[in-house]
Structures are given as C-alpha cells and as structure tokens.
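Here is how the chains run, residue by residue.
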Amino acid sequence: MARGSTRPTSRDVAQAAGVSQAAVSLVLGDKWRGRVSETTAERVREAARELGYRPNLAARNLRLGRTRTVLLVVPALTTEFFAGVYTGAARVAAERGFGVVLYPSPEGVGPARDPFASAQAALDGVIASSMAADALTAIRGDQLPLVMLDSDPEGSLGAATVNLDITDGTHQIADHLLDLGHRHFLHLAADIPSWTFEVRARALAARLAAVPGTSLRTAHTPMSIEGALAATETALATPGPHHPTAVVCDDDKLAAGVYKALRRRGLRIPDDVSVTGVDDIALAAALDPELTTVRLDAELFGERGMQALLTVLDGRTPDAGDIPVELVVRASTAPPSTP
C-alpha cells in the first residue's frame, strides 16, 4: 500500500498474509488457538505490523458489547508497590487490547463513590486490592466480573483471587531472625483491617510460638513513617519482662519510622536491634543500614491479576497457586548482642 493512502484495513492484512479476513479477525482478536496454526498467526501479526494496521476497537466493541476497559482499585495510601501492580496489569491488558483505569479509593480504606454513571455500562471487569475492598460496594455492580488481590480465597467477593505467598514470606523472616539467635520480638503491625495483614500476624505468632523461650509483643500503627515512629517509641517505653532485640515490620515504610525511634533512644541497628520489612521498595535500599525485607514482585502481581480477570472474561477458570516471595537479607539484621 502506497504512503499517503488511507488507513490500512483488515482486508489489506489478509491479502498481505495470504489468508482470509476471518483468519485476521481470529488472530488479532486473540481467538485463533485451535482454529489457525501458530505459523499462520505469526504471519498475520507480521503483516499487521508491517502495514501499521490497528483494529477499529470502537467498532469491534460495539459488536461484542464490551468496553475493553478494566478498573484497578487500590488504596489511596499508595506506595510505589501499587504503581508496580498497575504497570504489570496494564502490560498484560495492552496485549489483549484492553485499557486499565486506576482508581485509588479516596479515603484509603473505606467506601468510595462510583466514578462512573454506571460501572456495568462503563467496565468489563474490576481488579481490587483487599485493602480497598469496601470501595467495591459502590462500583462493582451485580454482575461485574471481579478479581481480588491479597484476599481470603474462602470469603472473597470475586470470581477469582490472586495472592502473594505472604505466609511463606513471614515464615522466612521469622526463621532468619530465629537462626540469628533472636528470641524477643516486637511486631509493628499495620492498623488496617485487611486479610493480608491478618495473615502476617497469625503466621508470625505461630512460627515464634513453636520455638521455646520466645516472646512477641505487637504494636499497631497507621501506615506512615510518623505513625511507626510514635508506635515504636510507645512500645519501647512500655515496661515488660524482655526488651525486643528484633522488630518485624509489616511494610518497608514502617521500618523507616522504627529506624528513627531506635536512634532517638541511642540504639544501633543491627548491633542492638535488628529490623525487617516487607515489599522491597526503593526505600529499603536507601535506608542506612540497608533493610532486610521480603521482596514482593508487584509487577508480576499485577500481571497475574489481569491474566486472571481476562481468563474469567473468557469463561474459563484461572490458574491457582500463590506467587512466590523472596527474603532479601541486607545489613539491618544480625545476631543479638545479648541473648
């Protein structure tokens, strides 16, 4: 087709690839498996790329009765972790011709207004973090397909759940600190009514309870550095039979508050107190000493969430299984100076 001519059509792609227009529609609509060969599908994709062909999504959406738009609902207390979730979800969505609208719950955790006149009319589906679950009361609609992230599989609102293996991550932290010789722990717990934080608390308590001579105190805190600082100062000033030699934080941001509280009391990290986090955001390596934490692959989390939703939209059952997590040992943990 000569330069300056009209926009290429599916007929042009079919002629270039030597196939029918129906085959072009199947391949570019990602419905080709079992109907055309892999070789033919690649030939169609290559022809489309060379011609610069883009499907007319508006016309196709009218035919299918779909908007090809997905809503991603996250807490307003968004760190770079949820930015990574969005990046992964949007990457998978784009491969299937879907767009993603990011919707931070305005109050962080709690009800939210419907951002659309009608969610069912405007959306094909929703992916939501359990930390923003209450926002769904306004936006999910009676029949809207929903995938929950970090949610209890037994009590989920969604058609599917996608979880990180946060229990294993908590066990990895506990085992690392126990192996170093720590027996007295402070858990700095996020004061958020969310399944994922409940799992962390239960997993930590159970792991430590299995080892004789351990003690565990819990301090709840808002998800902020200032909140963590105040909660840690209060916990350290509270009399008790044992002073904690390790502080286990639900989030890297909380660990930054712990660092400030410990230094205000003249305590050294990790010489006097070891500190751990969860997420492995950029802050973890910026702290001094660098933070031992559990790496959660946010982009993979978003990818798996979107894959699950697209599978549900195709009328199939998503793959099961939690996403593995990894302990990253850095300089904030060491054996206790006094057992």
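Keep in mind that this is a model prediction, so the values were computed, not measured.

Draft legend 1. Spotlight on helix H11 (residues 252-264). Here H11 spans 19 Å end to end across 13 residues, near enough to the 18 Å set by a 1.5 Å rise per residue. Of all the residues in H11, the buried ones are Asp 252, Leu 254, Ala 255, Ala 256, Gly 257, Val 258, Tyr 259, Ala 261 and Leu 262. The residue sitting at the N-terminus of H11 and contributing the capping side-chain oxygen is Asp 251; that oxygen lies 2.7 Å from the backbone nitrogen of Lys 253. Backbone geometry just downstream of H11 places Gly 266 in the positive-phi region, at approximately 75 degrees.

Draft legend 2. Geometry of the sheet that holds strand E7 (residues 215-221). With mixed pairing, six strands are arranged side by side in an open sheet as E7-E6-E8-E9-E10-E11. In the strand order of this sheet, the two ends are held by E7 and strand E11 (326-328), each with one partner. Along the sheet, successive strands turn relative to each other by an average axial angle of 20 degrees, direction set aside. Where strand E10 (residues 292-295) lies against E11, three bridges are found, and the strand directions are antiparallel.

Draft legend 3. Molecular detail of the environment of Ser 332. Its location among the elements puts Ser 332 in the segment after E11. The residues contacting Ser 332, other than those within four sequence positions of it, are Tyr 259, Ile 269, Pro 270, Val 273, Ser 274, Val 275, Pro 289, Glu 290, Leu 291 and Thr 292. A polar side-chain atom of Ser 332 sits 2.8 Å from the main-chain amide nitrogen of Thr 292.

Draft legend 4. Broad picture of the packing of aromatic side chains. Under the defined criterion, the tally for this structure stands at two aromatic pairs. For the ring pair Phe 81 and Phe 82, a centre distance of 5.4 Å and an interplane angle of 85 degrees mean the geometry is edge-to-face. The same class applies to Phe 81 as to Phe 82, namely buried. Plain terms: the ring middles of Phe 81 and Phe 301 are 6.2 Å apart, the flat faces sit at 45 degrees to each other, and that makes the pair tilted. Here Phe 81 is found in helix H5 (residues 80-95), whereas its partner Phe 301 is found in helix H13 (residues 298-313), with 220 residues between them in sequence. Assigned by exposure class, Phe 81 and Phe 301 land together as buried. Feature note: the residues Phe 81, Phe 82 and Phe 301 constitute an aromatic cluster, connected by ring pairs.

What counts, and at which threshold
- Going along each chain's sequence as written, the residues are numbered from 1 onward.
- Side-chain atom pairs in this predicted model are given and counted only at pLDDT of 80 or more, local residue features only at pLDDT of at least 70, and totals for whole chains, interfaces and linings cover all residues.
- Computation of side-chain values: all heavy atoms of the structure, hydrogens and water removed.
- The numbering of helices and of strands both runs from the N terminus, where a helix is a DSSP run of H or I of at least 4 residues and a strand a run of E of at least 2.
- Expected span, for any helix, means 1.5 Å times one less than how many residues it has.
- Residue burial is assigned from relative accessible area. The probe radius is 1.4 Å, only protein chains are included, and a residue is buried under 20% of its type maximum, exposed over 50%, and partly exposed in between.
- Polar contacts here mean pairs of N or O atoms no more than 3.5 Å apart (in protein, one a potential hydrogen donor and the other a potential acceptor; neighbouring residues in sequence count only if both atoms are side-chain atoms).
- In this description, strands pair whenever DSSP reports at least two bridges between them.
- Helix axes are fitted only over the stretch in contact, all axes being lines through C-alpha atoms; the angle between N-to-C directions runs from 0 to 180 degrees.
- Contacts between residues were defined by any pair of non-hydrogen atoms, one from each residue, lying within 4.5 Å.
- Only Phe, Tyr and Trp rings are paired, with Trp represented by its six-membered ring, and only when their centres lie within 6.5 Å; those with planes under 30 degrees apart are stacked, over 60 edge-to-face, the remainder tilted.

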